[in-house]
Every structure is written in C-alpha cells, then in structure tokens.
Amino acid sequence: MKEETVKLIVILLGVASTLGIYSILYKENKVFRFFEHMYLGLAAGYSISAAWNDILRPQWWTLMMIEGRWWMLFAIPAAMMFYMIYSKQNSWMSRLIFGLFLGATAGQTFQSFAADYFPKFRTAASKAVMDLPEVNQPGAYGLTPYSAALNNVLFMVILASVMTYFFFSFEQKGKVIPSVSKFGRYTLMVAFGALFGSTIMARMSLLIGRMYFLIHDFVQVQLLHMQ
Amino acid sequence: MRIPQLDRRVLYMLLAIVVSIPLLVNVPLPPPAITPPTKSFYETIETVSTDPKTKDKLVIISCNFGSGTLAENLSQLEATLNHIVSKRMKFAIFAFNDPQGRDLGGSTAQRIADKAGYKYGKDWVNWGFRPPQGIQSLLKAMVNDLHGALGTDVKGTKLSAIPMMANYKKADDVGLIIEYAASDTVKYWVQFFQRAGSTPIATLFCPTSVMANEAYPMLETGQLQGMLVGLKGANEFETVMKRPGFATRASASLSYSHLLIILLIILGNVGMIQDRKRQQGATK
C-alpha cells in the first residue's frame, strides 16, 4: 500500500475518532461509547506491548535466555509471591516481598524528600529582604533589586498568613490573628484562581490541538491540498 | 434568554467557532511578552551549548507525555529540539512515565534530526521506555553507569555498541536535562539524578500549563533553570527563536478562547445576580 494511502487512512481514522469522542458534548450516545472503549483497549494493548518490547524482552528475557544469565529466572517466583496475597494459606509469602519493596521505597523517600524539599525550606527561610539574588541568576526572574525586595516581602507575608490560616490547634481570637488568617485565606483564593486559570489554558490547548488537526491536517491538507 | 438558562451546547458551539476562526484565517495578534522562565530556558540552552565544560555533553530529552497533551508538549518539544540541533548538541530520547512518549518523542526527533543532518547512533539515540514503578532505582543506577542501567536502546542495540554512547557513561557526562511532561515527573530527575554527579546538571521543564504552578517554587530554589508553560511557553520560545510553528498559529485561538470564557463568566455572574435580586424581590 502506498505511503500516501496509509497516511490518508490514518487521518480519516483520527477524524472519525475525534468527532466520535466529541459527540458526547451533544449528548450521551453509542458512537461515543464505542470510541471510548476502543481508546481504552488501544491504550491497554499499547502499554502491554511497550512493557514487553522495551522492558521484559531486552532487560530480562534476552539476558536470561540468550546471554545465559540464568539467575534472572528467580524474578518469576519473586513476582509470583505478590499474587500469594490472594491465598489465605500462603499470604505470608506476599508479606515478605511487599516488606522488601516497602523498605526500599521508604529508604528512597528519605532521599527524595531531602532533595525535593530542603532547597525549598532553605529558600523560604533565607528570604531576607536585603539578600537579593543577582538579576540574571536563577530565581531572580530578571527582577530589579527593588522589585525583588518587594517580591521577598510579599512572599514572607503571604507565607506567614497562610500558615496562620492553617493553624487549627487553638481558637483564633482577638483582632490580629483572625485578620492575618483572613488575609491568608484571600491569598489562597488568588492562588486557586491562578491554578484554575492554568487548568482552563491546558484544556483549551487540547481543544485547539484537535481543531488544528481537523482544520489543517484533514480539511486543508488532505481535502483541499493546501500546505 | 438569560445566560444561566442557556443550553451548554450553544456555549460549546461558540467555543468551537472562536477557536476555529484564527486557525482558518490569519487573525493579527501582538507578539507575546517573553516571560522570565522562558527567557532563562533559552539562556540555559545557550550557556550549556557554548560553555567549554558542557557543550560536548549529552542532552537528555525526557518525553513523559502521551497523545492527550500533544498540543502542549509536542509543540514545546519541536521548538526546543530545533534549538538543540541548531547548536549541534547530541541528545538522547527517554520516556519513563508514558510509553507513548517513546514513540512521540522518537518520531519528532527523527523528523527534526533528518532535516538537520543528524545520524542515529552518531548524533542522537532513543533509549526507549522504562517503567515508572522502578524509576527511582533506575535513575540512581544511571548516575554511575548509564550503559549498565539502561541496557539497550529502543531498537534493542546495546548502548555500549552505539558509537555516540562511548563518550557518555555516567551522570557527569550529561550537560542538560529537559523534561516534557503531563505530570510532575521532573521531580525524579531533581531528586535522584540532577545533583548526584560531581556538578549539578542544568534542568529545564516543559509542563502542561495545569502542571506549571507546582513547578514555580523549583525555579525560585534553583532546582530548575527554566520552564516553558504549556502552549503559551512554546509560543514564547518560538518567538525568541524567530521560528513560528504550531504554537504561534494556535496562540490567537488560545487568547480569543480565554476572552470568550472571561466574557461568559461575567455574563453568567451578572445573570445570577439578577436572578437573585428577582427572587429577593418576589419574597418581599
């Protein structure tokens, strides 16, 4: 089959799938359900294929069967131990392997926590007003010294007020604490608004991607032969 | 008819029209303002590609996205990969969160590499997909032995047999990491690879816009050196590169769709306030 024909078939399938999935916007229908299930099936099949072709075959099967690393056979009983959780009599075996992996994961979590959060703690704690980064250094955002100072002050005030808002150990009485807490709540709401705005932008980008496919790849290039 | 009672399908139709028009006809829009994360993203690639200590090191292109976020991540990948090949930097495609990243990243790299005269195995390589469940252990193993930890490339060739990989054996041989992701997978590079060698490796992030908020603190702390925020970031990068692509063409659709949503939010709230006043009037 010619390459052009294959490309046309792929694009037609893409058009049918896109319109089929978007048909849910009109109302619930069987065409949507068909394409939804087809997508799920394809995704599952694709993952299984990737797991075998990229992981199990080159990293395990070939090494064991062709390069003679016979000890890799022990991966099978180790993997089977996970499934012993379904046997009342032999579930102790699953606990052994789960324990091993839990221990390894817990150990890695120490490292991941330190590498991820310690720099954040350090930056938050060292945000003194006068300790300004060079304008072109990472974290400076190209800010001038005065705007960087204002940024630092804002950061410290918002950090303190948001932490006050989440301080539930005692009743927030008086004038100062509830006011600071309220300010923290408002800044949180601003942050949630920004998060929601980003979500809208992400969803719009996905829609634009599909519309571009329908308009450009299908109508303009395939039907009208425009470039 | 009032907005709160409007059929949602009318809104969907409006949105489809607003998004489609800029894709059909050229709608003028001023060039985007280049935000600091995009500027530092560009400057980091420039610095790494010219610094004698890093210019010959490997660039890891980590493609952890699937077809669901093509519009954002693929446009980021195309824009930045064009920059990488223009600097004649050698790169490796890698995926560990979504197997589709292996193929989407690989096919895009193949197309751009062919145009730039790059040869597979000599100038670039595709390491393929590895499972996310063991990525922490894999990255830790990669620090001292890239060949042993990864084993083979996507074609099943041993990394030790690939000419280009003879010079790249451990984390110290990596000069730049660029993560294209639909989730927060950049954290694995930061936690287990970035600072595990003798010098920290510059790390750049291309998230979908919904994921960008979580990554901003990492720019502040220096864990990330730059970031392209979704389609908007890709548009900014194309503008900096003076190489318009899909993101530039889509930016008008993005801006006008945002305007429509803001307008609908205002109209919806006005309608709601009017309804509330009417109800209050009726109870009085």
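Structure: see above.
Summarised in this report is the structure supplied together with it. In this text the structure is predicted, and so the values were computed from the model without any measurement. (Residues numbered from 1 in each chain as written. Chains lettered and ligands numbered in written order. Predicted model: local features only at pLDDT ≥ 70, side-chain atom pairs only at ≥ 80, totals over all residues. Heavy atoms only, no water.)

### Some thoughts on the overall build of chain B
Link 1 in the chain: Scanning chain B from N- to C-terminus turns up 10 helices and 6 strands.
Link 2 in the chain: Considering only C-alpha atoms, chain B reaches an extent of 80 × 40 × 35 Å along its principal axes.
Link 3 in the chain: The burial tally for chain B puts 52% of its 284 residues in the buried class.
Link 4 in the chain: Counting only carbon and sulfur atoms, one obtains 58% of the accessible surface of chain B, whose full area is about 12,200 Å². (Helix = DSSP H or I, 4+ residues; strand = E, 2+ residues; numbered from the N terminus. Buried < 20%, exposed > 50% of the residue type's maximum accessible area, 1.4 Å probe, protein only. Areas by Shrake-Rupley, 256 points an atom, 1.4 Å probe, with all protein chains shown as cover.)

### Considering the overall build of chain A
Link 1 in the chain: A count of helices and strands for chain A gives 6 helices and 0 strands.
Link 2 in the chain: Element order for chain A, N to C, with α for helix and β for strand: α-α-α-α-α-α.
Link 3 in the chain: In terms of C-alpha radius of gyration, chain A reaches 28 Å, well past the compact-globule figure of 17 Å for 227 residues.
Link 4 in the chain: By the burial criterion, 25% of the 227 residues in chain A qualify as buried.
Link 5 in the chain: Taking the intrachain contacts of chain A between residues at least 6 apart in sequence as the baseline, contacts between residues at least 24 apart amount to 30%.
Link 6 in the chain: Of the roughly 16,000 Å² of accessible surface on chain A, 72% is carried by carbon and sulfur atoms.
Link 7 in the chain: A distance of 11 Å separates the average location of the 18 positive side-chain charges in chain A from that of its 11 negative side-chain charges. (Rg over C-alpha atoms; globule rule 2.2 N^0.38 Å. Contact = heavy atoms within 4.5 Å. Lys, Arg positive; Asp, Glu negative; His and termini not counted. Charge placed at Lys NZ, Arg CZ, Asp CG, Glu CD.)

### Focus: the nonpolar core
Link 1 in the chain: Residues Phe205, Leu224, Met227 and Phe246 of chain B are the most contacted members of the largest nonpolar core, which totals 36 residues.
Link 2 in the chain: For this core, the secondary structure elements donating two or more residues are helix 1 (3–22) and helix 6 (176–223) of chain A together with helix 1 (8–24), helix 7 (186–192), helix 8 (209–220), helix 9 (230–241) and helix 10 (246–283) of chain B.
Link 3 in the chain: Top element by residues in this core is helix 6 of chain A. It accounts for 10 residues.
Link 4 in the chain: Each residue touching Phe205 of chain B, except ones within four places of it in the same chain, is listed here: Phe41, Glu179, Ala181, Ser183, Val186, Ala215, Leu224, Gly226, Met227 and Leu228 of chain B. (Core = buried A, V, L, I, M, F, W, Y, C linked by side-chain atoms within 4.5 Å.)

### Observations concerning the pairing of strand 2 (residues 91–95) of chain B
Along a regular strand, successive side chains alternate from one face of the sheet to the other.
All names here are of chain B.
Link 1 in the chain: Counting buried positions over the 5 residues of strand 2 gives 5, a clear majority of the element.
Link 2 in the chain: Every second residue of strand 2 is oriented toward a common face, with Phe91, Ile93 and Ala95 on one face and Ala92 and Phe94 on the other, all of them buried.
Link 3 in the chain: Summarising the sheet, strand 1 (residues 58–64) and strand 2 pair through 4 bridges and their orientation is parallel. Within strand 2, the residue paired with Ser62 across the bridge is Phe94.
Link 4 in the chain: Handedness of the crossover is the feature at issue here: the chain leaves strand 1, passes through helix 3 (residues 70–86), returns alongside strand 2, and the resulting connection is right-handed.
Link 5 in the chain: Pairing analysis gives 5 bridges linking strand 2 to strand 3 (residues 124–129), with the strands arranged parallel. The partner of Phe91 across the bridge, within strand 3, is Trp124.
Link 6 in the chain: In terms of handedness, the path from strand 2 via helix 4 (residues 99–116) over to strand 3 forms a crossover that is right-handed. (Pairing = 2+ DSSP bridges. Right-handed = clockwise from strand over helix to strand, strands pointing away.)

### Describing the interface of chain B and chain A
Link 1 in the chain: On the chain A side, the residues contacting the 59 residues of chain B number 44 residues.
Link 2 in the chain: Buried area between chain B and chain A, summed over both chains or domains, comes out near 4,500 Å², and the portion from carbon and sulfur atoms is 62%.
Link 3 in the chain: Between the two partners, chain B and chain A, sit 15 residue pairs in polar contact (both at pLDDT 80 or more).
Link 4 in the chain: Looking at the side of chain B that touches chain A element by element, the count peaks at 9 residues for helix 1 of chain B.
Link 5 in the chain: Its residues assigned to classes, the side of chain B that touches chain A shows 28 nonpolar, 19 polar and 12 charged. (Buried area = accessible area lost by both parts, 1.4 Å probe. Polar contact = N/O pair within 3.5 Å; in protein donor to acceptor, adjacent residues only side chain to side chain. Nonpolar A, V, L, I, M, F, W, Y, C, P; charged D, E, K, R; others polar.)

### Looking at the pairing of strand 4 (residues 174–181) of chain B
All names here are of chain B.
Link 1 in the chain: With respect to burial, strand 4 is a largely interior element, 8 of its 8 residues being buried.
Link 2 in the chain: Pairing between strand 1 and strand 4: 7 bridges, direction parallel. Looking at strand 4, one finds that Cys63 is bridged to Tyr180.
Link 3 in the chain: Both strand 4 and strand 5 (residues 202–207) contribute to a ladder of 6 bridges, which runs parallel. In the strand pairing of strand 5, Ala181 is matched with Pro207.

### Some remarks on helix 10 of chain B
Link 1 in the chain: Spanning 38 residues, helix 10 of chain B covers 55 Å between terminal C-alpha atoms, matching the ideal 56 Å at 1.5 Å per step.
Link 2 in the chain: Along helix 10 of chain B, the sharpest kink reaches roughly 25°, centred on Ala252 of chain B. (Expected span 1.5 Å × (residues − 1). Bend = angle between axes of the 7 residues up to and from the residue.)

It is worth stressing that arrangement in space is one thing and function is another; only the former is reported here.
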